[in-house]
Amino acid sequence: MTGTERDTALHADVDRPSRREQILQAAAQLFAERGSRAVGVDDVGAAVGVTGPAIYRHFAGKDAMLAEMLLRISERLLAGGSERVTAAGADPVAQLRALIDFQVEFALENPALITVHDRDLGSLADADAAQVRRLQRRYVEVWVAVLARLHPTSDPAACRARAHAVFGLINSTPHSAGQLDRPAMAALLTGMAEAAATVC
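In this text, all values refer to a predicted model and were calculated from it rather than measured experimentally.

This paragraph deals with the overall build of the chain. Along its length, the chain carries nine helices and zero strands. Listed N to C, the secondary structure of the chain is α-α-α-α-α-α-α-α-α in terms of helices and strands. The C-alpha radius of gyration computed for the chain amounts to 18 Å, which stays within 12% of the reference 16 Å derived for 200 residues, consistent with globular compactness. Of all 200 residues assigned to the chain, the portion counted as buried reaches 44%. For the chain, contacts bridging at least 24 residues in sequence account for 68% of all contacts bridging at least 6.

With that out of the way, let us pick up the UniProt feature "domain: HTH tetR-type" (unreviewed entry) in the chain. In the numbering used here, UniProt assigns the feature "domain: HTH tetR-type" (unreviewed entry) to residues 17-77. Within residues 17-77, the helical portion is 72% and the strand portion 0%, while the C-alpha atoms at the span's ends are 19 Å from each other.

Right, let's get into the nonpolar core. Ranked by internal contacts, the top residues of the largest apolar core, which has 60 residues, are Val44, Met65, Met69, Leu70, Leu124 and Trp143. Of all the elements in the fold, those that place two or more residues in this core are α1 (19-34), α2 (41-48), α4 (62-87), α5 (92-109), α6 (111-120), α7 (126-150), α8 (156-170) and α9 (182-198). Leaving out residues up to four positions away in the same chain, Trp143 has contacts with Leu96, Leu99, Ile100, Gln103, Ala163, Val166 and Phe167.

With that out of the way, let us pick up a nonpolar patch on the surface. Where nonpolar side chains cluster on the molecular surface, the patch consists of Leu180, Leu188 and Met192 and spans about 250 Å² of accessible area. Within the secondary structure layout, Leu188 lies in helix α9. For Leu188, a relative accessible area of 40% corresponds to the partly exposed category.

Before going further, it helps to spend a moment on the UniProt feature "DNA-binding region" (unreviewed entry) in the chain. Within the UniProt annotation, "DNA-binding region" (unreviewed entry) is assigned to residues 40-59. Annotated as 60% helix and 0% strand, the span residues 40-59 places its first and last C-alpha atoms 13 Å apart.

What follows covers the layout of surface pockets. Looking at the largest pocket, its volume works out to about 390 Å³. Forming the walls of the largest pocket are 19 residues, and the residues nearest its centre are Leu77, His117, Gln136, Phe167 and Asn171. Every element with two or more residues in the lining of the largest pocket is listed here: α4, α5, α6, α7 and α8. With five residues, α7 is the largest single contributor of residues to the lining of the largest pocket. Residue composition of the lining of the largest pocket, by class: eight nonpolar, seven polar and four charged.

This brings us to α8. Helical periodicity: at 3.6 residues per turn, an α-helix aligns residues three or four positions apart in one direction. Taking 1.5 Å of rise per residue, 15 residues should cover 21 Å, and α8 covers 21 Å from first to last C-alpha, within 8% of that figure. Close packing links the buried residues of α8 with α5, α7 and α9.

Position of Ile170 relative to the elements: it lies in helix α8. Distance from Ile170 to Ser82, taken between C-alpha atoms, is 18 Å for residues 88 residues apart in sequence. Those residues in contact with Ile170 that sit more than four places away from it in its chain are Ile100, Gln103, Val104, Ala107, Leu189 and Ala193.

Once that is clear, we can look at the pattern of salt bridges. Taken as a whole and judged by the stated rule, the model has seven salt bridges. The partner of Arg72 in a salt bridge is Glu21, and the shortest N-O contact between them spans 3.3 Å. Taken together, the residues Arg72 in helix α4 and Glu21 in helix α1 connect sequence positions 51 residues apart. The class of Glu21 is buried, set by a relative accessible area of 7%. Its salt-bridge partner being Arg160, residue Glu141 comes within 2.7 Å of it at the nearest N-O pair. Placement of Glu141 in helix α7 and of Arg160 in helix α8 is noted, with a sequence separation of 19 residues between them. Each of Arg20, Glu21, Glu68 and Arg72 takes part in one network of salt bridges that share partners.

Rules behind the numbers
Residues numbered from 1 in each chain as written. Predicted model: local features only at pLDDT ≥ 70, side-chain atom pairs only at ≥ 80, totals over all residues. Heavy atoms only, no water. Helix = DSSP H or I, 4+ residues; strand = E, 2+ residues; numbered from the N terminus. Rg over C-alpha atoms; globule rule 2.2 N^0.38 Å. Buried < 20%, exposed > 50% of the residue type's maximum accessible area, 1.4 Å probe, protein only. Contact = heavy atoms within 4.5 Å. UniProt positions renumbered as here; feature names shortened; annotations may be inferred. Core = buried A, V, L, I, M, F, W, Y, C linked by side-chain atoms within 4.5 Å. Patch = residues over 30% accessible without salt bridge, like charges linked within 9 Å, V, L, I, M, F, W, Y side chains within 5 Å. Areas by Shrake-Rupley, 256 points an atom, 1.4 Å probe, with all protein chains shown as cover. Salt bridge = Lys/Arg side-chain N within 4 Å of Asp/Glu carboxyl O. 1 Å grid on protein atoms, 1.4 Å probe; cavity = no way out; pocket = protein on both sides within 12 Å on 5 of 7 lines; lining within 4 Å. Points joined across faces, edges and corners; volume = space filled by probe spheres on them. Nonpolar A, V, L, I, M, F, W, Y, C, P; charged D, E, K, R; others polar. Expected span 1.5 Å × (residues − 1).

What follows is the structure, encoded as structure tokens:
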């Protein structure tokens, strides 16, 4: 996977991203490398081959880019996780495997977005941060519903803690980039996540 193919969770159509989506993708990569506070609108424009002022035809500024990228990925996770659970049928084991596969795929394909989320969520305006967190809580509850069926004696708080532990494991991928090829890394993450999610 080349750099231009990464962090495509922002794209409605991966093969034909709009200019707005190209700007968001470039911004995500720059924010991940330098931190959002160290990146200017001109830097993002240069990365996509447009002048800084041209960016303002799409976004009011850097904060608007950050808000949209974090909202988009939160919406994508919620929609994608819900769809995978539905497609897996009624078996909670199959549902869990589908969720883990989805999260591993997302993490390996979107390392910059994971880094930006972890580091820059606190930079969002209060209203945007609240919306992102609402979406994230709903995504966590998709996992909690499945984990509760696998661990019927666990209370919701324990299932929630287990889900967050699995996220932390899978979303550590930006720190281990390049150490294994993608299939090996996916297999390692999947096995470890399944163990963490199912251990009694």
